[in-house]
Amino acid sequence: MRIAVAADSTDGVAAVLVDELGRRGHEVLVHGALAAGDRADWAWSAEAAAREVAAGRAEQAVVCCWTGTGASIAANKVAGVRAALCADAYTATGARRWNDANVLALSLRTVSEPTLAEILDAWFAGTASTDETDRANIDHTAEI
Ligand SMILES: O=C(CO)[C@H](O)[C@H](O)COP(=O)(O)O
């Protein structure tokens, strides 16, 4: 799968994220500090990765900042993007299942390398629910 990845710094799991995705067989398009050096601005870098998804150049994205909040807020401003801030595997599974999330947002401050691996395992194993009520929630959210 082609994945856009953005981070505003190379701290924390940002340093291993691209390799971790590559090991799983994904093609990675890098943005922000991962492309430009040791820091970038979170709003611009998350937007760039989210726009790759919206434009169909990437199927999914992972956006990161120190808290994960700014990156998720910025990504969610892009039409067609459903970004979910996930701190654990259970949340990642739910985000894929119930929200059909297409952008994973991560905190570089709180996510450890073992937790990152668990989150990515859950995220990529996950599939969107076909339940009518779940789809209605997702469709309504797109129209808000
Ligand atoms: O978590 C973040 C935004 O939600 C940022 O990573 C945090 O604010 C640090 O940014 P900067 O390095 O530009 O001060």
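Everything below is about the structure shown above.
Attention in this report is confined to the structure presented alongside it. (Residues numbered from 1 in each chain as written. Predicted model: local features only at pLDDT ≥ 70, side-chain atom pairs only at ≥ 80, totals over all residues. Heavy atoms only, no water.)

A short note on the overall build of the chain
Okay, so step 1: Per the secondary structure count, the chain includes seven helices and five strands.
Okay, so step 2: Written out in order from the N terminus, the α and β elements of the chain read β-α-β-α-α-β-α-β-α-β-α-α.
Okay, so step 3: Relative to its length of 144 residues, the chain is compact, with a C-alpha radius of gyration of 14 Å against a globular reference of 15 Å.
Okay, so step 4: Referenced to the eigenvectors of the C-alpha coordinate spread, the extents of the chain come out at roughly 45 × 30 × 25 Å.
Okay, so step 5: Taken across its 144 residues, the chain has 44% of its residues classed as buried. (Helix = DSSP H or I, 4+ residues; strand = E, 2+ residues; numbered from the N terminus. Rg over C-alpha atoms; globule rule 2.2 N^0.38 Å. Buried < 20%, exposed > 50% of the residue type's maximum accessible area, 1.4 Å probe, protein only.)

Some thoughts on the pairing of strand β5 (residues 103-107)
Okay, so step 1: Counting buried positions along β5 yields five of five residues, so the element is predominantly enclosed.
Okay, so step 2: Along β5, one buried face is formed by Val103, Ala105 and Ser107 and the opposite face, lined by Leu104 and Leu106, is buried too.
Okay, so step 3: Where strand β3 (residues 60-65) and β5 come together, five bridges link them in parallel fashion. Within β5, the residue paired with Ala61 across the bridge is Val103.
Okay, so step 4: Pairing of strand β4 (residues 83-85) with β5, which is carried by three bridges, proceeds in the parallel orientation. From the neighbouring strand, Ala84 faces β5, where its bridge partner is Leu104. (Pairing = 2+ DSSP bridges.)

Concerning helix α3 (residues 42-54)
Think of an α-helix as turning once every 3.6 residues; residues three or four places apart then point the same way.
Okay, so step 1: With 13 residues, α3 should reach 18 Å at 1.5 Å per residue; the first-to-last C-alpha distance of 18 Å fits that figure.
Okay, so step 2: All of the buried residues along α3 are Ser45, Ala46, Ala49, Ala50, Glu52 and Val53. In an axial view of α3, the angular spread of the buried residues amounts to 150 degrees, which keeps them on one side of the axis.
Okay, so step 3: Buried residues belonging to α3 abut β1 (2-7), β2 (27-32), β3, α4 (69-76) and β5. (Expected span 1.5 Å × (residues − 1). Arc of directions from axis to C-beta. Contact = heavy atoms within 4.5 Å.)

Topic: the packing of aromatic side chains
Okay, so step 1: Within the structure shown, the criterion is met by zero aromatic pairs.
Okay, so step 2: Just above the ring of Trp123 sits the side chain of Arg96; from NZ or CZ to the centre is 5.8 Å. (Phe/Tyr/Trp six-rings, centres within 6.5 Å; stacked < 30°, edge-to-face > 60°. Lys NZ or Arg CZ within 6 Å of the ring centre and 35° of its normal.)

Brief notes about helix α1 (residues 14-23)
Okay, so step 1: Where α1 is concerned, the buried positions are Ala14, Leu17, Glu20 and Leu21. An end-on view of α1 places all buried positions within 100 degrees of arc, on one side of the element. Facing away from the buried side of α1 by over 90 degrees, the exposed positions are Ala15, Asp19 and Arg23.
Okay, so step 2: Tucked into the core, α1 has its buried residues touching β1, β2, α2 (33-36), β3 and α6 (113-125).
Okay, so step 3: Directly beyond the C-terminal end of α1, a positive phi value near 90 degrees is found at Gly25.

Some remarks on the sheet that holds β4
Okay, so step 1: Judged by pairing direction, the sheet is parallel, and its five strands sit side by side in the order β2-β1-β3-β5-β4 without closing on themselves. Looking along the sheet, the strands with just one partner apiece sit at the ends: β2 and β4. In this sheet, neighbouring strand axes are inclined to one another by 20 degrees on average, regardless of whether the strands run parallel or antiparallel.
Okay, so step 2: On top of the sheet, α3 reaches β1, β2, β3 and β5; it is set at about 170 degrees to β1, its chief contact. (Axes fitted to C-alpha atoms, helices over the stretch in contact; angles between N-to-C directions.)

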